[in-house]
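Single-letter residue listing:
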Amino acid sequence: MSQWTAGMLWKLLISSQPRRLCSFRKMLSASKYRPSLACFTYTTDRQSNKENKRTVENLYKFSVDIRKIRRLKGWVLFEDETYVEEIANVLQLLGASEAAIGSILEQCPEAIVCSPTTFNTQRELWQLVCKNEQELVKLIEQFPESFFTVKDQETLKLNIQFFQELGLKNVVISRFLTTASNIFHNPIEKNKQMIGILQESYLNLGGSEANMKVWLLKLLSQNPFILLNSSAAIKETLEFLQQQGFTNSEILQLLSKLKGFLFQLCPGSIQNSISFSKNAFKCTDHDLKQLVLKCPAILYYSVPVLEERIQGLLKEGISIAQIKETPMVLELTPQIVQYRIRKLNSLGYRIKDGHLVNLNGTKKEFEANFGKIQAKKGRPLFNPVAPLNVEE
């Protein structure tokens, strides 16, 4: 499953296919609701109906777009107690430029209601996994909301220590802090329970005790969101796949190839994809299982996505038989397929007359194969019996 990278899976999980998840959180509009977070100090009993003039003036000093803040997080401007100058000073001490500070405050206006004490505690926690202050500032600049949006700093500390004890590298944990911060909101007991269930599932599927730690750390580094699942959802998915005729070793193979994102799907959605694929390819249960083992993404894609990609391939003159022979081509979007076919056609290579191996693969793999075909086309044929003209 060369094209199916962890980065692509991650993006699909958090953005493009929310309907495929068994459950997801509805995000509240920031302009209407205030976050009830521990690091923010509110003074609602003394709050006026006018914007805090000092706050606005201090934000202007850093060229912050006040209109943008009014539109998205206007409530921060009405707070009586804010810390624009204090937060800016601490960021400057860490090495942040004035432009960077303005960008941070504009991206995450909640930062101005985070007290210096809370900021310093948060900084100490993040420095547990950052190599130096320069790296810390860079992360805050890129992901200010992850840094300033804190529910429980003690829970954050316990989870960081727990992940370190598991053997995860600090660079991986820092990535979790910025892109998967929700897992640090889990009580430490919940994360420990999920780790235990993953270990138990791995062993039950035939995995070895010796390889379990490596497998677990790789799975978590590729998909930390798996910790947001419930134990019931994991067991339900495994039971469903067993009912579909997959052996334990095959399920373990699917789980590893899909980076654990398999557990994010409901059995119902998996069943829909299986039923559609079986009908589209006119194949038996056994044949479909072989297709899935070659291209596990068939289980992950929704029916509309599968239909779009199959139709896109058919429009390019590719047959169902060719797709069944190389199902990994379904991992390519119709736009990528069209682009690659045009490039191959420019060399006289006709995809519909042969196999799809040269069409498949990551961008890097495709370009490498294309280069080889191009070189081969430009190389004159060598006749081993023809006389050589050699100057003496």
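As a reminder, the structure under discussion sits directly above these lines.
These remarks concern the structure in this document. Note that the structure is predicted; figures quoted are calculated from it, not measured.

### With respect to the overall build of the protein chain
Logical step 1: Assigned secondary structure in the protein chain consists of 21 helices and zero strands.
Logical step 2: Put simply, the protein chain has 392 residues, and 47% of those count as buried.
Logical step 3: Of the contacts made within the protein chain by residues no fewer than 6 positions apart, 77% connect residues no fewer than 24 positions apart.
Logical step 4: Summed over its atoms, the accessible surface of the protein chain is roughly 20600 Å², and 52% of this surface lies on carbon and sulfur atoms.

### Section: the pattern of salt bridges
Logical step 1: Under the definition given, this model contains nine salt bridges.
Logical step 2: Among the ionic pairs, K68 bridges to E106, the shortest N-O distance being 3.8 Å. One end of the pair, K68, is in helix α3 (residues 66-73); the other, E106, is in helix α5 (residues 98-107), and 38 residues separate them in sequence.
Logical step 3: Under the relative-accessibility criterion, E106 is labelled partly exposed at 22%.

### Some remarks on the packing of helix α4 (residues 84-94) against helix α7 (residues 133-142)
Logical step 1: Two elements in contact, α4 and α7, have axes whose closest approach is 9 Å; the angle formed by their N-to-C orientations is 135°. Looking at the two axes, α4 sits oblique to α7. Counted together, L91, L93 and L94 of α4 and E133, L136, V137 and I140 of α7 form the full contact between these two elements.
Logical step 2: Tallied by class, the residues present in the contact of α4 with α7 amount to six nonpolar, no polar and one charged.

### Focus on the nonpolar core
Logical step 1: With 113 residues, the main nonpolar core has L59, L105, F119, F148, F163, F184 and L359 as its most contacted residues.
Logical step 2: Setting aside chain neighbours within four positions, we find F163 in contact with L168, I173, I183, F184, N191 and L227.

### Overview of the packing of helix α14 (residues 248-257) against helix α16 (residues 285-294)
Logical step 1: Two numbers describe how α14 lies on α16: the axes approach to 10 Å, and their chain directions differ by 35°. Two secondary-structure elements touch here, α14 through E250, Q253, L254 and K257 and α16 through K289, V292 and L293.

### With respect to helix α11 (residues 188-204)
Logical step 1: The terminal C-alpha atoms of α11 lie 24 Å apart, and with 17 residues this matches the ideal 24 Å at 1.5 Å per residue to within 8%.
Logical step 2: Burial in α11 covers these residues: I188, N191, M194, I195, I197, L198, S201 and Y202.
Logical step 3: Check the buried side of α11 and you find it contacts α9 (153-166), α12 (209-222), α13 (231-243) and α14.
Logical step 4: Among the residues trailing α11, G206 stands out with phi positive, at a value near 100°.

So, how was this worked out
Residues numbered from 1 in each chain as written. Predicted model: local features only at pLDDT ≥ 70, side-chain atom pairs only at ≥ 80, totals over all residues. Heavy atoms only, no water. Helix = DSSP H or I, 4+ residues; strand = E, 2+ residues; numbered from the N terminus. Buried < 20%, exposed > 50% of the residue type's maximum accessible area, 1.4 Å probe, protein only. Contact = heavy atoms within 4.5 Å. Areas by Shrake-Rupley, 256 points an atom, 1.4 Å probe, with all protein chains shown as cover. Salt bridge = Lys/Arg side-chain N within 4 Å of Asp/Glu carboxyl O. Axes fitted to C-alpha atoms, helices over the stretch in contact; angles between N-to-C directions. Parallel < 35°, antiparallel > 145°, perpendicular 65-115°, else oblique. Nonpolar A, V, L, I, M, F, W, Y, C, P; charged D, E, K, R; others polar. Core = buried A, V, L, I, M, F, W, Y, C linked by side-chain atoms within 4.5 Å. Expected span 1.5 Å × (residues − 1).

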